[in-house]
Amino acid sequence: MDGIIFDVDGTLWDSTESVAEAWTRAVREHSSLDITLDAETMGSVFGKTMTEIGEALFPTLSPDERMKLLNVCFAYENRHLEDHPGIAYPGVVETIAKLSAKYPLFIVSNCQTGYVEITMKCLGIESHIKDHLCFGETLVPKGETIRILMERNGLKAPVYVGDTQGDADACADAGIPFIFAEYGLGNAPDASARIRSFSDLKEMFLN
């Protein structure tokens, strides 16, 4: 193994409450839609690409209207998270620091541009993450984004830690092992490698 790649939402932290607040305000101020988004609703779409999230949450809008509203929502979200960050899962910051002493660490997410940077800043883990990439930068499925990150960092045998079936499918597409974070927002029933808490990675890779 020559690296560990992490998902963000449902793996490093839970930002559903803050994101729901930001998106609800954005929708009310920039559209005629009469909807209120909550943490449960946001959790159900986290892990999907930005396009898929728009289709799920704003199905009555045209593709152009949907994209315009999404861009507003993402801008509101990024600003809101700076003062209302997500909640780190237990052991994340300590475990990241210890793992980084032995392995290069990376992040790949289906999020918008800027979100990973805000996450790292809020958690205080910027110095431990060697590189990161997201859908907002590549505009391709997560499996392809993983491969792009692997290629530009010369990775041959990394593992990926995530919390959804989409993450598992992306790893299969990229040809790398998947570790399922059982505590997260999604499910991956067929995953063979699992962790019950983020701290379990220390036993898995440091002992």
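Placed above this text is the structure.
Note that the coordinates shown come from a computational prediction; the quantities given were computed from them, not determined experimentally.

We now examine the overall build of the chain. Per the secondary structure count, the chain includes ten helices and eight strands. A compact globule built from 207 residues would reach a C-alpha radius of gyration of about 17 Å, and the chain, at 17 Å, matches this within 12%. Expressed as a percentage of the 207 residues in the chain, the buried residues total 53%. In the chain, the share of contacts with a sequence separation of at least 24, taken over all contacts with a separation of at least 6, comes to 65%. With the model as given, the accessible surface of the chain reaches about 9400 Å², and the carbon-plus-sulfur share is 49%. For the chain, the separation between the mean place of its 17 positive charges and that of its 32 negative charges on side chains is 4 Å.

Further remarks concern the pairing of strand β5 (residues 129–134). Among the six residues that make up β5, five are buried, leaving the element largely enclosed by the rest of the structure. Here strand β4 (residues 105–109) runs beside β5; their pairing, made up of five bridges, is parallel. Within β5, the residue paired with F106 across the bridge is D131. Handedness of the β4-helix α6 (residues 115–123)-β5 crossover: right-handed.

Attention now moves to the pattern of salt bridges. Scanning all chains against the criterion turns up eight salt bridges. The salt bridge involving D173 is made with R147; its shortest N-O contact spans 3.0 Å. Note that D173 is positioned in helix α9 (residues 165–174) and R147 in helix α8 (residues 142–153), a separation of 26 residues in sequence. Given the relative accessible area of 44%, D173 is considered partly exposed. Take R147: its relative accessible area is 29%, and that puts it in the partly exposed class. For E182, the salt bridge is made with R196, and the minimal N-O distance between the two is 4.0 Å. Of this pair, E182 sits in the loop between β7 (178–181) and β8 (193–195) while R196 is found in the loop between β8 and α10 (200–206), placing the two residues 14 residues apart along the sequence. Residue class for E182 comes out partly exposed when judged on its relative accessible area of 33%.

Turning next to α9. Residues D167, A168, A170, C171 and A174 constitute the buried set of α9. Projected onto a plane normal to the axis of α9, the buried residues spread over an arc of 160 degrees and lie on a single side. Next to the buried residues of α9 lie α8, β6 (159–162) and β7. Directly beyond the C-terminal end of α9, a positive phi value near 75 degrees is found at G175.

Rules behind the numbers
Residues numbered from 1 in each chain as written. Predicted model: local features only at pLDDT ≥ 70, side-chain atom pairs only at ≥ 80, totals over all residues. Heavy atoms only, no water. Helix = DSSP H or I, 4+ residues; strand = E, 2+ residues; numbered from the N terminus. Rg over C-alpha atoms; globule rule 2.2 N^0.38 Å. Buried < 20%, exposed > 50% of the residue type's maximum accessible area, 1.4 Å probe, protein only. Contact = heavy atoms within 4.5 Å. Areas by Shrake-Rupley, 256 points an atom, 1.4 Å probe, with all protein chains shown as cover. Lys, Arg positive; Asp, Glu negative; His and termini not counted. Charge placed at Lys NZ, Arg CZ, Asp CG, Glu CD. Pairing = 2+ DSSP bridges. Right-handed = clockwise from strand over helix to strand, strands pointing away. Salt bridge = Lys/Arg side-chain N within 4 Å of Asp/Glu carboxyl O. Arc of directions from axis to C-beta.

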